Amino acid sequence: MNKKGIIIQGSSRSKGNTNKIVTFIQEKTGFDSIDLKSKNISGFDYDFKNHGDDFIPLMKEIVDNYDTIIFATPVYWYAMSGILKNFFDRITDCLRIEKEIGRKLKGKTMGMVSCGSDSELKKGFEMPFIETANYLGMHYLGSIHTWMENEIISESLKKELNIFIEKNIKTRYNEV
Ligand SMILES: Cc1cc2nc3c(=O)[nH]c(=O)nc-3n(C[C@H](O)[C@H](O)[C@H](O)COP(=O)(O)O)c2cc1C
């Protein structure tokens, strides 16, 4: 089966700045996207009492249908969003009680897109993504930092995004 990529959007608003970047990348790649804000995913629970929420069905869909997972997060207080961090914490479920999902993550590819108000991304922001990919046996395709001026994607940022898409994403997908 010819598998595609998915962009996992972790913003606290569904149609905000991160979504503009997600839409731009989607238009260029044909990737699907999922809005974590529209899902009911609670924080990690050692007793797994939240087993019935949206996390496991969503993860099953992701591992069964996609080769590449790109996380798109706003920068909130120098870090990934809380919504996305919850999602990362819940990956622990896939190592403890849903091990089949955890095994399927191995060999897939991860990337990251950040969206802030500052053009500078502070040192260390990318580390959790790189190390999580390493830990799970995933390939890491890299990242791009974006920022918004007056709620629009500037022409220079569009150019940078196009280069990232061509060099880091499309090289893996002959069909896009
Ligand atoms: C709670 C909160 C914290 C933020 N912290 C930062 C920050 O540390 N660095 C930064 O560049 N922008 C920061 N911003 C600005 C957002 O990253 C920026 O507006 C981003 O484009 C918002 O994306 P969104 O519309 O998807 O939420 C913060 C915004 C919020 C709401």
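Residues numbered from 1 in each chain as written. Predicted model: local features only at pLDDT ≥ 70, side-chain atom pairs only at ≥ 80, totals over all residues. Heavy atoms only, no water.

(A) Looking closely at the nonpolar core. F71, F87 and F129 are the most contacted members of the largest nonpolar core, which totals 29 residues. For this core, the secondary structure elements donating two or more residues are β1 (4-9), α2 (55-65), β3 (66-74), α3 (82-90), α5 (99-105), β4 (109-116) and α6 (127-136). Counting residues per element, this core draws most heavily on α2, at six residues. Other than its neighbours up to four places away in sequence, F71 contacts I8, L84, F87, F88, M110, G111, M112, V113 and F129. Formed by 20 residues, the second largest nonpolar core is a distinct cluster that contains I21, F31, V113 and I165. (Core = buried A, V, L, I, M, F, W, Y, C linked by side-chain atoms within 4.5 Å. Buried < 20%, exposed > 50% of the residue type's maximum accessible area, 1.4 Å probe, protein only. Helix = DSSP H or I, 4+ residues; strand = E, 2+ residues; numbered from the N terminus. Contact = heavy atoms within 4.5 Å.)

(B) Structural view of the pairing of strand β2 (residues 32-35). Relative to β2, β1 runs parallel, the two sharing four bridges. Looking at β2, one finds that I8 is bridged to I34. In this fold, the crossover linking β1 to β2 by way of helix α1 (residues 17-29) has right-handed handedness. (Pairing = 2+ DSSP bridges. Right-handed = clockwise from strand over helix to strand, strands pointing away.)

Function cannot be read off these values alone, since they describe shape.
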